[in-house]
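Structural characterization, general
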Amino acid sequence: MRIGYARVSRGDTQEVESQVQALNAAGCQKIFKEEASGGRWNRPELHRLLDQLREGDIVTVWKLDRLSRSLKDLIAILERIEQAKAHFESLTEHIETHSPAGRMLTQMLGSFAEFERAMIRERTRQGLDYARSQGRKGGRRPKLTQEQKDIIIRLVDSGEKKAADIARSFHVSKATVSRILAEHRSKNG
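From a predicted model like this one, the values you see are computed outputs, not experimental measurements. (Residues numbered from 1 in each chain as written. Predicted model: local features only at pLDDT ≥ 70, side-chain atom pairs only at ≥ 80, totals over all residues. Heavy atoms only, no water.)

A look at the overall build of the chain
A count of helical and extended segments in the chain gives 8 helices and 5 strands. On C-alpha atoms alone, the chain measures out to a radius of gyration of 25 Å, which is more than a quarter above the 16 Å that the 2.2 N^0.38 rule sets for 189 residues. The buried share among the 189 residues of the chain stands at 33%. Counting contacts in the chain only where the partners sit at least 6 residues apart, residues at least 24 apart contribute 65% of the total. Within the chain, one finds 35 positive and 26 negative side-chain charges whose respective centroids are separated by 6 Å. (Helix = DSSP H or I, 4+ residues; strand = E, 2+ residues; numbered from the N terminus. Rg over C-alpha atoms; globule rule 2.2 N^0.38 Å. Buried < 20%, exposed > 50% of the residue type's maximum accessible area, 1.4 Å probe, protein only. Contact = heavy atoms within 4.5 Å. Lys, Arg positive; Asp, Glu negative; His and termini not counted. Charge placed at Lys NZ, Arg CZ, Asp CG, Glu CD.)

Quick look at the side chain of Ser9
In this fold, Ser9 is placed in the loop between strand E1 (2–8) and helix H1 (17–25). Polar side-chain contacts of Ser9 include one of 3.4 Å to the side chain of Arg7. (Polar contact = N/O pair within 3.5 Å; in protein donor to acceptor, adjacent residues only side chain to side chain.)

Re the pattern of salt bridges
Summed over all chains, the structure comprises 9 salt bridges. For Glu160, the salt bridge identified is with Arg154, shortest N-O distance 3.9 Å. Given a relative accessible area of 48%, Arg154 falls into the partly exposed group. (Salt bridge = Lys/Arg side-chain N within 4 Å of Asp/Glu carboxyl O.)

Points about the packing of helix H6 (residues 146–158) against helix H7 (residues 163–170)
Between H6 and H7, the shortest axis-to-axis distance is 10 Å and the interhelical angle comes to 155°. Here H6 is positioned roughly antiparallel relative to H7, judged by the angle of their axes. Crossing of H6 over H7 shows right-handed handedness. Contact with H6, carried on its side by Gln148, Ile151, Ile152, Leu155 and Val156, involves Ala163, Ile166 and Phe170 of H7 and no other residues of that element. Residue classes in the contact of H6 with H7 are distributed as 7 nonpolar, 1 polar and no charged. (Axes fitted to C-alpha atoms, helices over the stretch in contact; angles between N-to-C directions. Parallel < 35°, antiparallel > 145°, perpendicular 65-115°, else oblique. Left-handed = near helix turned anticlockwise from the far one by under 90°. Nonpolar A, V, L, I, M, F, W, Y, C, P; charged D, E, K, R; others polar.)

Observations regarding the nonpolar core
By size, the foremost hydrophobic cluster in this structure holds 19 residues, and its most contacted members are Tyr5, Leu49, Leu50, Leu53, Leu67, Ile81 and Phe88. At the level of secondary structure, the elements contributing two or more residues to this core comprise E1, helix H2 (44–52), strand E3 (58–61), helix H3 (64–67) and helix H4 (71–83). For this core, the element with the most residues is H4, which contributes 5 residues. Within the second largest apolar cluster, 11 residues are counted, among which are Leu144, Val156, Ala167 and Val172. (Core = buried A, V, L, I, M, F, W, Y, C linked by side-chain atoms within 4.5 Å.)

Worth remembering: the numbers are spatial, not functional.
Here you go:
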C-alpha cells in the first residue's frame, strides 16, 4: 500500500491540500496530515503512520523536508520504515529507498536540508544581534505601561491592595505582579 504523509509547519501560511493532491495523484491510498514543525520529533500523525506500516508499504511525501528537517531524525524515521520492511519515496526530489543509491541520495539530501536550516538559524541570530546593537528590542510588547507598574508598586507598598487583587484588576498573573515588585525592590534597595 502506498501511504502519504503531508505536513505543514504550525502557524505557517502553507496549505496541506496541495501536498495531498500530489500524494493522491501518486496513488496514495491513505494520507496522514499534520500541522507541526519538521524539526520536532513529537508528531502524532507521523508516529501513527510508522506504527501502521507493513511489509511492502511505500511511505510517500511530496518533498523530503516534509518528513524531517533534521538528518538525525530523518535517519531514525528511515530506519523505522526499513525495520517494517517498507520503503520511502519523495515525489519532488525523485528519490526512493528501494535501492542502495536511493538510500544514499536520501541521506545526502537530508544533510543539505539540515545545513539549510542551520544557515537560516545563523542568519536569524545575526539579524537579531544587529537589531539589538541598533537599540531595537525583539519579543512581545509589554502588557503593562510604566505608569501601570508604578500604580501597582504604590498600591502594594502602601498596603491598600494585595498582589493577587491587583493581578486580577490588571488582568495579569500574580507572577507578573511579583516580578514588577522584585524589579522595583532590586533597583531601590
